[in-house]
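Structural description and commentary
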Amino acid sequence: MQPLEMSAVDLVAALRQGDITAVECATVFLDRIEATNGSINAFLAVDREGALARAADIDARRKAGKPVGPLAGLPVALKDVLCTADMPTTCASKMLAGFRPPYDADVVARLRRADAVFVGKTNMDEFAMGGSNENSAFGPVRNPWDLSRAPGGSSGGSAACVAADMAPVAIGSDTGGSIRQPAGLCGITGLKPTYGRVSRRGLIAFASSLDQIGPMARSAADCALIMETIAGHDPGDSTSLAVDVPRYTDLIDKPLTGVRIGRVPEHFAAGLDPEVAKGVEEAFAVLMAAGATVHDVQLPHAKYGIPTYYLIAPCEASSNLARYDGAHYGHRAEPGKGHRAEAGGQRSAGQAGGFESPLVEMYCRSRAEGFGPEVKRRIMLGTYALSAGYYDAYYAKALRVRRLIRQDYLDAFQTVDLIGGPVSATPAFKLGEKTDDPLAMYLVDLYTVGTNLAGVGGISFPCGFTKSGLPIGFQLQAPPLAEPLLLQAADRFQRLTDWHRRRPQAMEGGKA
Amino acid sequence: MSTNTPYTTIIGLEVHVQLMTRTKLFCGCSTKFGGAPNTQVCPTCLGLPGSLPVMNRQAFDLALRAALALECTIAPFTKWDRKNYFYPDLPKGYQISQFDLPFSSDGFLEVVDPKGAFEPRRVGIVRVHLEEDAGKSMHDDAAGTGDTRIDLNRAGTPLCEIVTQPDLRSPQEARAWLNELKLLLVYLGVSDCNMQEGSLRVDANVNLHIPVPATAGAEARIAKTPIVEIKNMNSFRSVERALTYEAARQWEEWQATKAEMGKTPKQTRGWDDPAGITRAQRHKEESSDYRYFPEPDLVPVTVTAERIQSIRGGMGEPPVSLRKTLASQWQISAYDADVLVNQGRELVDYFEDLATRVGEGKVASNWMQQDVLRILNETNGTVSAFPVRPAGLADLIGRVKKGDFDTSRAREIFAEMVTSGRPVDDVVAGMGISAVSDDDVIALCRELLAANPKIVADVKSGKEQAAAGLIGQAKKKNANVNPGKVRAICLDLIREMG
Ligand SMILES: [Zn+2]
């Protein structure tokens, strides 16, 4: 089997056994990126030189009998929201174009210690805000299954690069569905772990109380392998959980006998694409055939998920993104005449073009030029909702609803072990289809935001294809820290089906 | 209150103190003052993308210590909030602070003037909370570029914010209370309260309550002038001066405008120290909406009763009770105890060491007040660097008690000990002072009595004070004699004469 088609688990084994060297492996994927990225735009930066040097070092150590890490030689793509000391980190924003962090994110450091080989940084919606990857300042990612369609977002580059065999594994981040939705639309497997399971240190924050990093790969087994490296307590992230990391790869190969899976009837109401509904129902049948039982459960407050999410996330974002002001790093507007960075300075409306001070002018113009429209929209939403007089009606109320939503999940998990359903209401939509309608775009997160609001884990994997050949995603959600069960169920499903093995025809030969 | 003004001055203070931690509140950077700009920084205090805060437990414990000493109620559960505003010395665009659930509230600190310049005043503490400091902006006009330079070494330094009730009634009280607060925080080891280095900053809120007599149409009432917040005061003396100025200014304004509180927004005025006046600042700050919300990057803090207990245990004695302890343990006056305690813990330690060696608090206290403190004040010295240690001074005092020399002679010896840093015996030898034997004194006295029959007669007739004339003569004959001894022996001899 060619490296491009191998699972991460098999690649690591082949590298360990010497069937392939790390340099050979890296070269295969780097060549694939070179051949394919032009049509997909999944990568914002490719580090060919760095990857090959790293691979050569691993090969040398292995040859010399020196210790190598558990992922030695495995190519990994990183969403460009993760800080890397040796590659630019831009969040797909003009604001951070060319920005080089002085440090590695905790997950990046863990993967480095495990001797993974970073091939590059993947495209995304700007600051992880979006569900189609069209909000990237560096152009949209195209869905490898149909280049006229969106890959989903915000981890669209990570999803597309795995789907198009440009990397066996990519790391994504999920604030309201940003791992699971693009994984579903691109026909790959993506895990959003329990909040706090993976350290957020070095993940450029969108909405701190919702953001979580997770693996995106071709199979649940590959996700399990990556989780063993990236999960774990980080004293540098106060919200990271001090709970031991299980050996996910050892735990997943178990039958589903007796596992109770919840099904939320409202998920199948109007708005769900019939082909998606059919695929999802068939997935339930497969899980039942594997020994699981399916039961209806209620999530009474799920209908408030989208409005709750679109208050909490923008509120936090409005504050998290305040640091991009042009003063210390990132994009700064060219200073006007008589520029003077002093807030207390005299009004100089004449020379500063109506700004109350040159400093305010710098702030306003830097942010106006550096941020894209969706980022601005969310900053404005959040700023408004946190303002005096509105806080109680919006943010405080959203926090109360969030608690109710979390309680719904915890109540449901009293009677079932997992909750299953669709990831998205439709398969991949056309590029440009929703860009004029922000509200329609917000609804792409309908089935996924609850997981983040509740702080629990979820996994998305392919459960079929539409007649036109687009992947259909299935989602499972689990109680806090039940990642082993999520991975076990998804792995069991993948042992009984081959949807996750299908490759996009459009990509054969590396050309569209 | 000032009894000679037709109004009452109402003052509340907002004090920020830097906690004496080795590292910053949310990262491991040093808090040391005076480093080259931007050398004590990391991704967290620079607000770099992806960086996260981690709470410094020592800072929280120090803040707890301060709040406990201020008799505050400690919240069992407290959280962090973000205060959002844009400024170049605030790299994250928000300050991590505490908004609606401060870790402590509802305390007090009393200030008593030992000279009774004002009534003892118990000042309520609304709240004490913990927050991070911002960096420093320096406007570089000299270079002609008008650039602003930012130093983020201070960004993230732990600050305790202490907000009082408007309980102070005069600028003098405000200054005295601040002295008491500073003394307390320094005793506790919470802060060095160095205003020059910015580790203590004060803003004051002030307005006037003016009795308005009844008129035909209205009952008598109290009119309240608009509250003014005064900033930019860089010493306690400035606080007193600024408040004095501001009270007078408000009184004048009241007479001119009759403007009352609530009808105009709260004003911020900056103290111009050289000019000795307050100036109105722009209204912008008051209209700020900080959009506070809970800091999602930090977890709430719970404070257990055990933790409070352990902090109380390690707190040391605060000044207010130390004054009482000293007064009762060493039998010294409340005034003396106050003077000693107000000099700080080190001086109290010196005194207690001295008093223990001397075995008599009053004598030790007198030496402290009249000699040690006087010299420290004159030389602007610190007690830790004072060349005469308690053992040396106790030695000298012991010799005086033994009658080797009188107090004024001992003072000369002490002054020489301070200058030379040498012990009593060396100094005494060096000054040619030798103790005079009792036999020599008796012989000298007999000689004097023989030469002064008039004095002897006066004493015999009951005028003992006439013996003073003998002492002067004795000193002329032998500089080293102890005048007290001469007097006592002369009186004895006269009595023996019958
Ligand atoms: Zn730092």
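Residues numbered from 1 in each chain as written. Chains lettered and ligands numbered in written order. Predicted model: local features only at pLDDT ≥ 70, side-chain atom pairs only at ≥ 80, totals over all residues. Heavy atoms only, no water.

Thoughts on the state of the cysteines
As used in these notes, a disulfide is a covalent bond between sulfur atoms, one from each of two cysteines. Residue and element names in this part refer to chain B. Put simply, the rule is: Any two cysteine sulfur atoms within 2.5 Å of one another count as a disulfide.
One pass over the structure, following the stated rule, counts 0 disulfides over all chains. Considering cysteine sulfurs only, C160 is the nearest to C72, which forms no disulfide, with 9.2 Å between them. Distance from the sulfur of C445, which forms no disulfide, to the nearest cysteine sulfur (C490) is 3.5 Å.

Topic: the nonpolar core
Operational definition: Think of a nonpolar core as a cluster: buried Ala, Val, Leu, Ile, Met, Phe, Trp, Tyr and Cys residues, connected wherever their side-chain atoms sit within 4.5 Å. Exposure categories follow from relative accessible area, calculated using a 1.4 Å probe and restricted to protein chains: below 20% of the type maximum is buried, above 50% is exposed, and the middle band is partly exposed. The contact definition used throughout considers only heavy atoms, calling two residues in contact when any of these lie within 4.5 Å.
Core analysis: the largest hydrophobic core is formed by 154 residues, its most contacted members being L82, F127 and L476 of chain A. Excluding anything up to four places from it in sequence, L476 of chain A contacts I261, L287, L418, I419, G420, G457, G458, I459, F461, L486, A489 and A490 of chain A. If you look at the next biggest cluster of nonpolar residues, it comprises 62 residues, including C72, I74, W177 and M195 of chain B.

Structural notes on the coordination of the zinc ion
Tetrahedral metal sites with four donors have an ideal angle of 109.5 degrees; octahedral sites with six donors have ideal angles of 90 or 180 degrees. All names here are of chain B. Our working rule: Donor atoms: N, O and S within 2.8 Å of the metal, or within 3.2 Å for Na, K and Ca. Because water is excluded, sites can look incomplete. Strands are runs of DSSP state E lasting at least 2 residues, helices are runs of H or I lasting at least 4, and numbering of each runs from the N terminus.
At the metal site, the zinc ion is ligated by C27 (SG), C29 (SG), C42 (SG) and C45 (SG), and these contacts range over 2.3 to 2.4 Å. All donors of the zinc ion belong to a single chain; written as a sequence motif, their spacing is C-x1-C-x12-C-x2-C. Within this pair, whereas C29 is found in the loop between β1 (8–18) and α1 (43–46), its partner C42 is found in the loop between β1 and α1, the two being separated by 13 residues in sequence.

Concerning the interface of chain B and chain A
Here is the rule we go by: Defined in terms of a 1.4 Å probe, buried area is the accessible area two parts forfeit on being brought together, summed over both. Think of a salt bridge as a Lys or Arg side-chain nitrogen and an Asp or Glu carboxyl oxygen that are within 4 Å of each other. Definition of a polar contact: a pair of N or O atoms within 3.5 Å, with one able to donate and the other able to accept a hydrogen when the atoms are protein atoms, and with sequence-neighbouring residues admitted only if both atoms are side-chain atoms. Here the term charged refers only to Asp, Glu, Lys and Arg, the term nonpolar to Ala, Val, Leu, Ile, Met, Phe, Trp, Tyr, Cys and Pro, and the term polar to all other amino acids, Gly among them.
Counting residues at the interface gives 36 residues for chain B, matched by 47 residues for chain A. Roughly 3,300 Å² is buried in total at the junction of chain B and chain A, and carbon and sulfur atoms are behind 55% of that figure. Where chain B meets chain A, there are 1 salt bridge. R200 of chain A serves as the salt-bridge partner of D297 of chain B, at 3.1 Å between the closest nitrogen and oxygen. Remark: the boundary between chain B and chain A carries 18 residue pairs in polar contact (both at pLDDT 80 or more). Only α1, β4 (81–84), β9 (147–151) and β16 (293–294) of chain B provide two or more residues apiece to the side of chain B that touches chain A. Its residues assigned to classes, the side of chain B that touches chain A shows 20 nonpolar, 8 polar and 8 charged.

Some details on the packing of aromatic side chains
Residue and element names in this part refer to chain A. Our working rule: Think of it this way: a Phe, Tyr or Trp ring, Trp meaning its six-membered ring, pairs with another when their centres are within 6.5 Å, and the plane angle makes it stacked under 30 degrees, edge-to-face over 60, tilted otherwise.
Applying the stated criterion across every chain, the model contains 30 aromatic pairs over all chains. Residues Y309 and Y310 carry aromatic rings whose centres are separated by 4.9 Å and whose planes lie at 80° to one another, so their mutual orientation is edge-to-face. The exposure classification of Y309 matches that of Y310, with both residues buried. Grouping aromatic residues by their ring pairs yields a cluster made of F99, F127, Y324, Y329 and F371.

A short note on the sheet that holds strand β5 (residues 94–97) of chain B
Residue and element names in this part refer to chain B. Inclusion rule: Here a strand pair is declared whenever DSSP counts at least two bridges between the two strands.
Pairing within the open sheet is antiparallel, and its 3 strands lie in the order β5-β4-β16. A strand with exactly one partner marks an edge of an open sheet, and here the two such strands are β5 and β16. Bridge analysis of β4 against β5 gives 4 bridges, and the strand direction is antiparallel. The partner of D81 across the bridge, within β5, is S97.

Notes on the pairing of strand β13 (residues 228–233) of chain B
All names here are of chain B. Bridge analysis of strand β11 (residues 200–212) against β13 gives 4 bridges, and the strand direction is antiparallel. Looking at β13, one finds that V206 is bridged to V228. One ladder, built from 4 bridges, connects β13 with strand β14 (residues 267–272); its direction is parallel. Note that in β14 the partner of V228 across the bridge is Q267.

Focus: the pairing of strand β7 (residues 260–263) of chain A
Residues and elements named next belong to chain A. Here 4 bridges tie β7 to strand β8 (residues 293–296), and the two strands are oriented parallel to one another. Bridge assignment links I261 to a residue of β8, and that residue is V294. Of the strand pairs in this sheet, β7 and strand β9 (residues 418–422) are connected by 3 bridges, and their pairing is parallel. Paired with R263 across the two strands is G420, which belongs to β9.

Focus on the environment of Y335 of chain B
All names here are of chain B. Note on placement: Y335 falls in helix α7 (residues 334–342). Take Y335: its relative accessible area is 37%, and that puts it in the partly exposed class. Spatially, the C-alpha atom of Y335 lies 44 Å from that of G28, the residues being 307 residues apart in sequence. Apart from residues lying up to four places away in sequence, Y335 is in contact with P114 and K115.

Considering the layout of surface pockets
Heads up, the condition is: Whether a set of points on the 1 Å grid over the protein atoms alone is a cavity depends on a 1.4 Å probe fitting there but being unable to get out, while an open set qualifies as a pocket with protein on both sides within 12 Å along at least five of seven lines; lining residues are those with an atom within 4 Å of a point. Grid points are joined across faces, edges and corners, and a volume is the space filled by probe spheres set on the points.
The volume enclosed by the second largest pocket comes to roughly 1,100 Å³. Taken together, 39 residues form the lining of the second largest pocket, with S209, L399, R402 and R403 of chain A together with P294 of chain B sitting closest to its centre. Of all the elements in the fold, those that place two or more residues in the lining of the second largest pocket are α14 (392–415) and α16 (449–454) of chain A together with β16 of chain B. When residues in the lining of the second largest pocket are grouped by element, the largest group, 6 residues, is from α14 of chain A.

Section: the confidence of the model for chain A
Regions with low pLDDT should not have their predicted coordinates read in detail. All names here are of chain A. Rule in force here: Each residue carries a pLDDT value, the predictor's own confidence for that position, ranging from 0 to 100.
Mean pLDDT over chain A works out to 94, with 95% of the residues at or above the 70 mark. Note that residues 337–352 has pLDDT below 50 and, in this model, 33 contacts with residues that lie over four places away or in other chains. Counting contacts from residues 508–512, a segment whose pLDDT is below 50, to residues more than four positions away or on other chains yields 9 contacts.

Let's talk about the environment of I405 of chain A
All names here are of chain A. Here I405 lies in helix α14. Along the sequence, I405 and H301 sit 104 residues apart, while their C-alpha atoms lie 5.5 Å from each other. Contact partners of I405, with chain neighbours within four places excluded, come to H301, Y304, G305, T308, G450 and L453.

Concerning the pattern of salt bridges
Going through the model one piece at a time under the given rule, you end up with 69 salt bridges over all chains. Residue E173 of chain B pairs with R121 of chain B through a salt bridge whose shortest N-O separation is 2.8 Å. With E173 of chain B in helix α3 (residues 171–188) and R121 of chain B in strand β7 (residues 121–132), this pair connects stretches of sequence that are 52 residues apart. By relative accessible area, E173 of chain B is classed as buried at 0%. With a closest N to O distance of 3.6 Å, K402 of chain B and D404 of chain B form a salt bridge. K402 of chain B gets classed as exposed once you look at its relative accessible area, which sits at 60%. The network of salt bridges with common partners includes R200 and D237 of chain A together with R82, E295 and D297 of chain B.

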